[in-house]
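Residues per chain are reported as follows:
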Amino acid sequence: MREKILVIDDDEKITSMLRRTLAFEGYIVFTANHGMDGLKQIIEHEPDAIILDVMMPQLDGWEVVRRIREGGTTIPVLMLTAKDEIADRVKGLDSGADDYLVKPFALEELLARIRVLLRRKTAEKAELATNRLQYQDVFMDLDTREVFRGGQLIELTTKEFELLHLFMQNPKRVLSRDVIMEKIWGYDYSGESNVLEVYIALLRQKTEGHGHKRIIQTVRGAGYVLRGEG
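What you see is a predicted model, and the numbers here were worked out from it, not measured in a lab.

**A short note on the sheet that holds strand β3 (residues 49-53)**
Then step 1. Read from one edge to the other, the open sheet built from five strands follows the order β2-β1-β3-β4-β5, with strand pairing classed as parallel. Looking at which strands have only one partner, the edges of the open sheet turn out to be β2 (28-32) and β5 (99-102). On average, each strand axis in the sheet is tilted by 20 degrees relative to the strand beside it, whichever way the strands run.
Then step 2. Two elements, strand β4 (residues 77-81) and β5, share four bridges in a ladder whose sense is parallel. Within β5, the residue paired with Leu80 across the bridge is Leu101.
Then step 3. Relative to β2, helix α2 (residues 35-45) is tilted by about 150 degrees, and along the sheet it contacts β1 (4-8), β2 and β3.

What follows is the structure in structure tokens.
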């Protein structure tokens, strides 16, 4: 999928040049000539990166990036400015910009910096994806150790979480009792022999609340599987 870039700059010569250059590089390009229009286009187009001028009418670039970050948006921002003072660079970065390029600039350098920002965003998305699991309407966040089904939080104990995590790592795969016991309780477990059955029952009770269908199925003589009914 082609990546989208929003250019926010009141200098029509620069926006026109960047539109042509970025389009030639294969990007989908949107432009805005002042900060308020830029904020609207961020909502409308959800760009993958933003090239943002500092000195603009209505809202300057510092205020634009501050509002972007206050709204929780993590879109990478490359700020452009004619100012080369260290204090201005620091202000831009402190406002939430990811990089800073002083005018006049070489197009090759701008393109290189955009590629770096986009690669970083892709890597962050991949890392985030590895920390979240989903099966049908069940979501598991490994960082916060929260589980949701149908948007509702399910309170799980540590062992219940570990058991569901094992199932969600292996959807539709039948896991034998021995495999589950080894993974969750370890080889040397010497407690109650029906501990797995007890935890399966508890996990079913919690995941089947509010009328949800069963997703942890018993496979007679084989074990258990995370699989929706029907």
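**Here we look at the sheet that holds strand β6 (residues 132-135)**
Then step 1. Spatially, four strands are ordered β6-β7-β8-β9 in an open sheet, and the strand pairing comes out antiparallel. Only two strands of the sheet have a single neighbouring strand rather than two, namely β6 and β9 (152-154). Between one strand axis and the next, the sheet turns through 25 degrees on average, direction left out of account.
Then step 2. By the bridge criterion, four bridges tie strand β7 (residues 138-141) to strand β8 (residues 146-149) in an arrangement that is antiparallel. Following the sheet pairing, Val138 is matched in β8 by Arg149.

**Some words on the pattern of salt bridges**
Then step 1. Applying the stated criterion across every chain, the model contains 15 salt bridges.
Then step 2. For the salt bridge of Arg67 with Glu63, the shortest nitrogen-to-oxygen distance reads 2.9 Å. Of the two residues, Arg67 and Glu63 are both situated in helix α3 (residues 61-70); the distance of four residues between them amounts to about one turn of the helix.
Then step 3. For Arg67, a relative accessible area of 37% gives the class partly exposed.
Then step 4. Through salt bridges that share partners, Glu63, Arg66, Arg67 and Glu70 make up one connected network.

**What to know about the pairing of β3**
Then step 1. Along β3, five of the five residues are buried, which leaves the element largely enclosed by surrounding structure.
Then step 2. Along β3, one buried face is formed by Ala49, Ile51 and Asp53 and the opposite face, lined by Ile50 and Leu52, is buried too.
Then step 3. Pairing of β1 with β3, which is carried by four bridges, proceeds in the parallel orientation. If you follow Val7 over to β3, its bridge partner there is Ile51.
Then step 4. Here four bridges tie β3 to β4, and the two strands are oriented parallel to one another. Its bridge partner lying in β4, Ile50 is registered against Val77.

**A closer look at the packing of helix α7 (residues 177-184) against helix α8 (residues 195-207)**
The description of two helices packed together rests on the angle between their axes and the distance between the axes.
Then step 1. In the contact formed by α7 and α8, the axes pass within 11 Å of each other and the chain directions differ by 85 degrees. The angle between the axes of α7 and α8 places the two elements in the roughly perpendicular class. Of α8, the residues touching α7 (which contributes Arg177, Ile180 and Met181) are Val195, Leu196 and Glu197.
Then step 2. Across the contact of α7 with α8, the residue classes tally to four nonpolar, no polar and two charged.

**Side note on the domain arrangement of the protein chain**
Think of interface size as the accessible area that goes away when the parts come together; that is how it is often given.
Then step 1. Domain assignment breaks the protein chain into domain 1 (4-125) and domain 2 (132-226).
Then step 2. The gap between the C-alpha centroids of domain 1 and domain 2 is 45 Å.

**Comments concerning the pairing of β8**
Then step 1. With burial as the criterion, only one face of β8 is covered, namely that bearing Val147 and Arg149; the residues Glu146 and Phe148 on the opposite face remain uncovered.
Then step 2. The antiparallel hairpin formed by β7 and β8 contains four residues in its connecting segment, where Arg145 sits at a positive phi of about 60 degrees.
Then step 3. Connecting β8 to the antiparallel partner β9 that follows it, the hairpin turn spans two residues, and Gly150 within it adopts a positive phi of roughly 60 degrees.

**What to know about the environment of Tyr135**
Then step 1. Assignment of secondary structure puts Tyr135 in strand β6.
Then step 2. Residue classification places Tyr135 among the buried positions, given a relative accessible area of 9%.
Then step 3. The sequence separation of Tyr135 and Phe161 amounts to 26 residues, and the corresponding C-alpha distance is 14 Å.
Then step 4. Sequence-distant contacts of Tyr135, defined by excluding residues within four places in its chain, comprise Met168, Pro171, Lys172, Leu226, Arg227 and Gly228.
Then step 5. Of note is the side chain of Tyr135, whose polar atom sits 3.4 Å from the side chain of Gln136.
Then step 6. Within polar-contact distance, the side chain of Tyr135 engages the backbone nitrogen of Gly228 at 3.1 Å.

Parameters and conventions
Residues numbered from 1 in each chain as written. Predicted model: local features only at pLDDT ≥ 70, side-chain atom pairs only at ≥ 80, totals over all residues. Heavy atoms only, no water. Pairing = 2+ DSSP bridges. Helix = DSSP H or I, 4+ residues; strand = E, 2+ residues; numbered from the N terminus. Axes fitted to C-alpha atoms, helices over the stretch in contact; angles between N-to-C directions. Contact = heavy atoms within 4.5 Å. Salt bridge = Lys/Arg side-chain N within 4 Å of Asp/Glu carboxyl O. Buried < 20%, exposed > 50% of the residue type's maximum accessible area, 1.4 Å probe, protein only. Parallel < 35°, antiparallel > 145°, perpendicular 65-115°, else oblique. Nonpolar A, V, L, I, M, F, W, Y, C, P; charged D, E, K, R; others polar. Domains from an automatic or database assignment. Polar contact = N/O pair within 3.5 Å; in protein donor to acceptor, adjacent residues only side chain to side chain.

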